[in-house]
Amino acid sequence: MEATLVILKPSAIGRAIAGEVISRFEKKGLIIAGMKMIQLTSEILDEHYAHLIDRPFFPRIKASMMATPVVVMCIKGKDAVQVVRAMTGVTNGRNAAPGTIRGDYSMSGQENIVHASDSVENAQIELNRFFKPEEIFDYTPEGLNYRYANDEI
């Protein structure tokens, strides 16, 4: 099973919709293999968003991401990175398709509810950034055979 990182941003926490977002991943059939609430620091955000650090809007991103604690999750499933990215929708919530998380809950390019890893390689890097190995669990949930055909897993 592929694993990916999802961060429920302060815009999800502040609006009290974290449970709804988590429920959408579960209802899709994805497996939550790790989850915790943390307060992001300046140092971890500098590392996580290193590709944006020189951009003029970066201080705004940091302030937004430290406004409240966030929920970080390891989500597993067949093609989890691609599935989660499709579920989240495009970055700017105003442009995200209805039915996606951002399309249903966001009107902003920044306050856009979730972060989702953009590749399998980045997912592994990001999961290692936010989770210790013992914080990610490998288990078989009940009803897995109703989520996938027997030759898919």
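Worth saying up front: this structure is predicted, and the values here are computed from it rather than measured. Residue indices follow the written sequence of each chain, beginning from 1 at its first position. Predicted model: local features are reported for residues with pLDDT of at least 70 only, side-chain atom pairs are reported and counted for 80 or more only, and whole-chain, interface and lining totals are derived from all residues. The basis for every side-chain value is the complete set of non-hydrogen atoms in the structure, without hydrogens or water.

Undergrad: Would you mind going over the overall build of the protein chain in detail, with residue names and values included?
TA: Runs of H or I in DSSP of at least four residues are treated as helices and runs of E of at least two as strands, each being numbered from the N terminus. Of the regular secondary structure elements, the protein chain holds 7 helices and 4 strands. Each helix and strand of the protein chain, ordered N terminal to C terminal, gives the series β-α-α-β-α-α-β-α-α-β-α. Taken over the C-alpha trace, the protein chain has a radius of gyration of 15 Å; the compact-globule value for 153 residues is 15 Å, and the two agree within 12%. For the C-alpha atoms alone, the extent of the protein chain along its principal axes is close to 50 × 35 × 25 Å. The buried share among the 153 residues of the protein chain stands at 47%. In this analysis, two residues are considered to be in contact whenever any of their non-hydrogen atoms come within 4.5 Å of each other. In the protein chain, the share of contacts with a sequence separation of at least 24, taken over all contacts with a separation of at least 6, comes to 76%. For the protein chain, the computed accessible surface area is about 8,300 Å², with 52% contributed by carbon and sulfur atoms. Of the charged side chains in the protein chain, 17 are positive and 19 negative; the average position of the first set lies 6 Å away from that of the second. Here the radius of gyration uses the C-alpha set of atoms, whereas the globule reference equals 2.2 Å times the residue count to the power 0.38. Here the term buried applies to any residue with accessible area under 20% of the maximum for its type, exposed to any over 50%, and partly exposed to those in between, with areas from a 1.4 Å probe on protein chains only. For every accessible area listed, the method is Shrake-Rupley and the probe measures 1.4 Å; residues are considered covered only by the protein chains on display. We treat Lys and Arg as the positive residues and Asp and Glu as the negative residues; His and chain ends play no part in the count. The atoms used to mark charge sites are NZ of Lys, CZ of Arg, CG of Asp and CD of Glu.

Undergrad: Describe helix 4 (residues 58-65), listing the residues and the values that go with them.
TA: Regarding helix 4, the residues found buried are F58, I61, K62, S64 and M65. In an axial view of helix 4, the angular spread of the buried residues amounts to 165 degrees, which keeps them on one side of the axis. Exposed positions of helix 4 whose direction lies more than 90 degrees from the buried face are P59 and A63. Tucked inside the fold, the buried residues of helix 4 contact strand 1 (2-8), helix 1 (10-14), helix 3 (42-48) and strand 3 (70-77). The arc in question is the one traced by the directions running from the helix axis out to the C-beta atoms.

Undergrad: Report on the nonpolar core, specifying residues and quantitative values.
TA: By nonpolar core is meant a set of buried Ala, Val, Leu, Ile, Met, Phe, Trp, Tyr and Cys residues that side-chain atoms within 4.5 Å join together. Ranked by internal contacts, the top residues of the largest apolar core, which has 21 residues, are V6, L8, F25, M73 and I113. By residue number, the principal contributor to this core is helix 2 (residues 18-28), which donates 4 residues. Not counting residues up to four positions away in its chain, the partners in contact with I113 are I7, L8, K9, S11, A12, R15, I17, V21, I101, Y105 and S106. Among the nonpolar cores identified, the runner-up in size contains 18 residues, and I7, I44, L45 and C74 belong to it.

Undergrad: How would you sum up the sheet that holds strand 4 (residues 114-116)? Please name residues and give values.
TA: Pairing between strands requires that DSSP locate at least two bridges from one strand to the other. Spatially, 2-3-1-4 is the arrangement adopted by the 4 strands of the open sheet, whose pairing is antiparallel. Only two strands of the sheet have a single neighbouring strand rather than two, namely strand 2 (31-38) and strand 4. Within this sheet the neighbouring strands show an average axis-to-axis angle of 20 degrees, counted without direction. For strand 2 and strand 3, the ladder comprises 7 bridges, and the chain directions are antiparallel. Residue pairing across strands places G34 opposite C74, the latter belonging to strand 3. To obtain an axis, a line is fitted to C-alpha atoms, over the contacting stretch when the element is a helix, and the angle between two such axes runs from 0 to 180 degrees between their N-to-C directions. Contacts from helix 7 (residues 120-130) reach strand 1, strand 2, strand 3 and strand 4 within the one sheet, and its direction differs from that of strand 1 by about 60 degrees.

Undergrad: With reference to specific residues and values, describe the environment of E111.
TA: Position of E111 relative to the elements: it lies in the loop between helix 6 (101-105) and strand 4. Its relative accessible area of 31% is what places E111 among the partly exposed residues. Counting along the chain gives 67 residues from E111 to I44, while the straight-line C-alpha distance between them is 19 Å. In this view, E111 contacts S11, S64 and S106; residues no more than four positions away in its chain are not counted.

Keep in mind these values describe shape, not function.
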